[in-house]
Protein chains: 2
Amino acid sequence: MINIDKLYESIQAKGHVCLGLDTAAEYLPDIERKKAVNDAQAVLAFNRSLIDATYDVTGCYKVQIAYYEEMGIAGLTAYAETLKYIRSKGSLVIADIKRGDIADTATRYARAHFNGDFEADFVTLSPYMGMDSIEPWLKEAKQHGKGAFVLVRTSNPGNNDFQKLSLNDPKTEQKCLYKVVGKKMSDIADNNIGKYGYGIFGIVVGCTEKEEAAEIRKEYSNLFFLIPGYGAQGGGAAEAALLLQKGNGGVVNASRSIITAWKSEKPEGKEIDNQFAAEAARRAAIKMRDEIKGVI
Amino acid sequence: MINIDKLYESIQAKGHVCLGLDTAAEYLPDIERKKAVNDAQAVLAFNRSLIDATYDVTGCYKVQIAYYEEMGIAGLTAYAETLKYIRSKGSLVIADIKRGDIADTATRYARAHFNGDFEADFVTLSPYMGMDSIEPWLKEAKQHGKGAFVLVRTSNPGNNDFQKLSLNDPKTEQKCLYKVVGKKMSDIADNNIGKYGYGIFGIVVGCTEKEEAAEIRKEYSNLFFLIPGYGAQGGGAAEAALLLQKGNGGVVNASRSIITAWKSEKPEGKEIDNQFAAEAARRAAIKMRDEIKGVI
């Protein structure tokens, strides 16, 4: 079974939460950070505790590689081990790498993240260079049953700088940049469709642009959405639900609100450990899962 | 001294060649690959030989991280050591990472590549998400004297898919996407200028679009250019020279044509080693340097 179909089924079974393990060492309980040989190993141990506590209530995980690259080789070793641990639980993991390069370089990136030390189930991709920065990944993905989410409409404050520039171009009927990217991804999906009607590559659509959401969901009915912007960036369950269809078709990412949930539960003056943090994360993930379920 | 000024001076002294160490194991002499403990270590030894043979005739190096990520942790260790070796020679290195993410994530990427195991002098960045994927790097770059090249007009066949879409947008006077990105980078340069008149962040402009070159060079006179597309993608010294100004203002990247130059010099039926490959690379780098000097 290809990964986009596995993701669909995982969401049916475990809900829409995509738990982001964007784990900085400063998010860890003090005593855990102190007792580890280095920050990277502390982060890995923390991640494992959280994965143990949440894999049955999250549709998938997303790991933001920047947090690990920051710690150098030791950090990327923790990244690799985090991915392995998620996959050992039978859960799916999106490598949030936002790579975007062409031709032979793209193929090498694809091999890096669909195989070997950094093997993930999905990656995120950036389309600025053109479709020859996407197509080599598609070829590799088909071979290995993998998937990807291409940046289309992101949730950050700067998302209008380029994505929403109005077009007047004879080469396209689309009205702005992100719709040109979206249309190309939808065309790819038509020729590479999974058994639940979603293309093997999906797109990133933030839940911060409420007025666009219904139109986007309708326009790209054959695309699965990776949905950032929940919580910290202002989107809520109602906004996220606008980007789902028939109760599926999207995963909603949350990271800091879940992995640092322990901070608001920690008793004053008392040290807490990974187990405490993991239980708080589980409660936060269940709460988010149920909030989304409550509005679809 | 900040890195963009160092790069200007390096080009004055050593010419315009940016040697791309996009080193795949299959580019290595057979006997060197066989005798190494693994491909990553073979690549590192090969890189060191090439750096020894070329650092006095190349303006800078560029290392494409995808080739190293493909080899996992061992590959990234070789990547880190390659960067260290280049910098130990007093040469400048551009980390070709094309990262593009926002806010806290961007800051973590910047710390990853301006410090620690992966410390480089410059990075390449992708702007799709918006200017909040560039600005955090600028803040970190200023602190450390580092630099970056932002993708504007790339040299790949798909470069027109999005970069050249015609605009009709009241928010900008620019006529296509890449010019909006270029203008924003030029505005940043106005406020962050080095002693030779170039902003601390430059842009990537391929030498494959000959009819646009003079206009681009004139439009962005305060921006230093990283120029891909030489050789394999069809640009030559004449095309590259159109993107320089007053004999400086750009570095011209070539990778495979230099690092595999040994393949056309290898005597039939004879094994060759890294030393042979390095000498061939030196000749190829000097030839390219002189071709560019000959037309400016």
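Residues numbered from 1 in each chain as written. Chains lettered and ligands numbered in written order. Predicted model: local features only at pLDDT ≥ 70, side-chain atom pairs only at ≥ 80, totals over all residues. Heavy atoms only, no water.

Participant: Which residues make up the overall build of chain A, and what are the values?
Facilitator: In terms of helices and strands, chain A carries 13 helices and 8 strands. The C-alpha atoms of chain A give a radius of gyration of 19 Å, which matches the 19 Å a tight globule of 296 residues would have. The principal-axis extent of the C-alpha atoms belonging to chain A is close to 65 × 40 × 35 Å. When each of the 296 residues of chain A is scored for burial, the buried share is 64%. Sequence separation of at least 24 residues holds for 74% of the intrachain contacts in chain A that already meet a minimum separation of 6. Of the accessible surface of chain A, which amounts to about 10,500 Å², a share of 47% is contributed by carbon and sulfur atoms. The distance from the centre of the 38 positive side-chain charges to the centre of the 39 negative ones in chain A is 3 Å. (Helix = DSSP H or I, 4+ residues; strand = E, 2+ residues; numbered from the N terminus. Rg over C-alpha atoms; globule rule 2.2 N^0.38 Å. Buried < 20%, exposed > 50% of the residue type's maximum accessible area, 1.4 Å probe, protein only. Contact = heavy atoms within 4.5 Å. Areas by Shrake-Rupley, 256 points an atom, 1.4 Å probe, with all protein chains shown as cover. Lys, Arg positive; Asp, Glu negative; His and termini not counted. Charge placed at Lys NZ, Arg CZ, Asp CG, Glu CD.)

Participant: Go over the pattern of salt bridges, please, and point to the residues and values.
Facilitator: Charged atoms that come close allow side chains of opposite charge to pair. For the structure shown, the criterion picks out 60 salt bridges over all chains. E26 of chain B is the partner of R108 of chain A in a salt bridge, and the nearest nitrogen-oxygen pair spans 2.6 Å. Of this pair, R108 of chain A sits in helix 6 (residues 103-114) while E26 of chain B sits in the loop between strand 1 (17-20) and helix 2 (30-35), each in a different chain. Residue class for R108 of chain A comes out buried when judged on its relative accessible area of 4%. Members of the salt-bridge network, linked through shared partners, are E26, E70 and R256 of chain A together with D104, R108, R111 and E140 of chain B. (Salt bridge = Lys/Arg side-chain N within 4 Å of Asp/Glu carboxyl O.)

Participant: Describe the packing of aromatic side chains, and please don't skip the residues or the numbers.
Facilitator: Residues and elements named next belong to chain A. A full pass over the atoms with the stated rule returns 16 aromatic pairs over all chains. With 5.9 Å between their ring centres and 55° between their planes, Y79 and F118 make a pair best called tilted. Highlighted residues: Y79 in helix 5 (residues 72-88) and F118 in the loop between helix 6 and strand 4 (122-125), separated in sequence by 39 residues. For F118, a relative accessible area of 1% puts it in the buried group. R217 extends its terminal NZ or CZ atom over the ring of F225, reaching a point 3.7 Å from the ring centre. (Phe/Tyr/Trp six-rings, centres within 6.5 Å; stacked < 30°, edge-to-face > 60°. Lys NZ or Arg CZ within 6 Å of the ring centre and 35° of its normal.)

Participant: Give a detailed account of the sheet that holds strand 6 (residues 201-205) of chain B, specifying residues and quantitative values.
Facilitator: Residues and elements named next belong to chain B. Read around the closed barrel, 8 strands run 1-2-3-4-5-6-7-8, paired in parallel fashion. Pairs of neighbouring strands in the sheet enclose a mean axial angle of 30°, with direction left out of account. As defined by bridge partners, strand 2 (residues 60-64) adjoins strand 3 (residues 93-99) across 4 bridges and the pair is classed as parallel. Bridging across to strand 3, Y61 finds its partner in V93. (Pairing = 2+ DSSP bridges. Axes fitted to C-alpha atoms, helices over the stretch in contact; angles between N-to-C directions.)

Participant: Explain empty space enclosed by the protein to me, using residue names and the numbers behind them.
Facilitator: Tallied over the entire structure, the rule returns 2 cavities of 30 Å³ or more. For the largest cavity, the calculated volume is near 50 Å³. In terms of lining residues, the largest cavity is bounded by R153, V205, G206, C207, T208, E209, K210, E212, A213, I216, E239 and L243 of chain B. Of the residues forming the lining of the largest cavity, the biggest block, 4 residues, is contributed by helix 9 (residues 210-219) of chain B. For the lining of the largest cavity, the residue count by class is 5 nonpolar, 2 polar and 5 charged. Considered as a void within the structure, the second largest cavity measures approximately 30 Å³ in volume. Forming the walls of the second largest cavity are I65, E69, L76, R99 and F118 of chain A together with I65, E69, L76 and R99 of chain B. Taken together, the residues that form the lining of the second largest cavity break down as 5 nonpolar, no polar and 4 charged. (1 Å grid on protein atoms, 1.4 Å probe; cavity = no way out; pocket = protein on both sides within 12 Å on 5 of 7 lines; lining within 4 Å. Points joined across faces, edges and corners; volume = space filled by probe spheres on them. Nonpolar A, V, L, I, M, F, W, Y, C, P; charged D, E, K, R; others polar.)

Participant: How would you explain the interface of chain B and chain A if you had to name every residue and give the values?
Facilitator: Between chain B and chain A, the residue contacts involve 64 residues of the former and 64 residues of the latter. Note on chain B versus chain A: buried area summed over both sides is about 5,200 Å², and carbon and sulfur give 58% of it. For chain B, the biggest contributors to the area lost against chain A are R108, Y128 and F162 of chain B; these three give 18% of the whole. R99 of chain B is the partner of E69 of chain A in a salt bridge, and the nearest nitrogen-oxygen pair spans 2.9 Å. At the boundary of chain B with chain A, the tally comes to 34 residue pairs in polar contact (both at pLDDT 80 or more). Looking at the side of chain B that touches chain A residue by residue, the classes come out as 28 nonpolar, 18 polar and 18 charged. (Buried area = accessible area lost by both parts, 1.4 Å probe. Polar contact = N/O pair within 3.5 Å; in protein donor to acceptor, adjacent residues only side chain to side chain.)

Participant: Explain the packing of helix 3 (residues 39-54) of chain A against helix 5 of chain A to me, and be specific about the residues and the numbers.
Facilitator: Residue and element names in this part refer to chain A. The contact between helix 3 and helix 5 brings their axes to 9 Å, and the two run at 15°. In terms of their interaxial angle, helix 3 and helix 5 are classed as roughly parallel. Where helix 3 crosses over helix 5, the two elements pack in a sense that is right-handed. Listed contacts from helix 5 to A40, L44, N47, R48, I51 and D52 of helix 3 are A74, G75, A78, E81, T82, Y85 and I86. (Parallel < 35°, antiparallel > 145°, perpendicular 65-115°, else oblique. Left-handed = near helix turned anticlockwise from the far one by under 90°.)

Participant: How would you sum up the relation of the copies chain B and chain A? Please name residues and give values.
Facilitator: Note: a rotation about an axis with an accompanying shift along it relates these two copies of the chain. Of the two same-sequence chains, chain B is brought onto chain A (RMSD 0.0 Å, axial shift 0.0 Å) by a rotation of 180°. When the rotation and shift are considered jointly, the pair of chain copies conforms to a two-fold rotation axis. Ranked by how close their C-alpha atoms come to the rotation axis, the residues of chain B are headed by L167 of chain B, at 2.1 Å. Looking at chain B, 100% of its interface residues are interface residues in chain A too, so the copies touch through the same face. (Least-squares fit on C-alpha atoms with pLDDT ≥ 70 in both.)

Participant: Account for helix 3 of chain A, with residues named and values stated.
Facilitator: Residue and element names in this part refer to chain A. Over its 16 residues, helix 3 extends 22 Å from the first C-alpha to the last, a length consistent with the 22 Å expected when each residue adds 1.5 Å. For helix 3, the full list of buried residues reads A40, A42, V43, L44, F46, N47, S49, L50, I51, A53 and T54. Sitting at the head of helix 3, N38 places a side-chain oxygen 3.2 Å from the backbone nitrogen of A40. (Expected span 1.5 Å × (residues − 1).)

Participant: Quick one: what's the story with the side chain of S155 of chain A, residue by residue and with numbers?
Facilitator: All names here are of chain A. Within the fold, S155 resides in the loop between strand 5 (147-153) and helix 8 (177-191). The exposure class of S155 is buried, given its relative accessible area of 9%. Residues contacting S155, with those up to four places away along its chain left out, are G206, T208, P228, G229 and Q233.

Participant: Go over the sheet that holds strand 3 (residues 93-99) of chain A with me, naming the residues and quoting the values.
Facilitator: Strands belonging to one sheet form pairs held by backbone hydrogen bonds; the direction of such a pair is parallel or antiparallel. Residue and element names in this part refer to chain A. Strand order in the closed barrel formed by 8 strands is 1-2-3-4-5-6-7-8, and the pairing between neighbours is parallel. For this sheet the average axis-to-axis angle between neighbouring strands, irrespective of direction, equals 30°. Bridge count between strand 5 and strand 6 (residues 201-205): 5 bridges; the pairing is parallel. Within strand 6, the position partnered with A148 by the bridge is F201.

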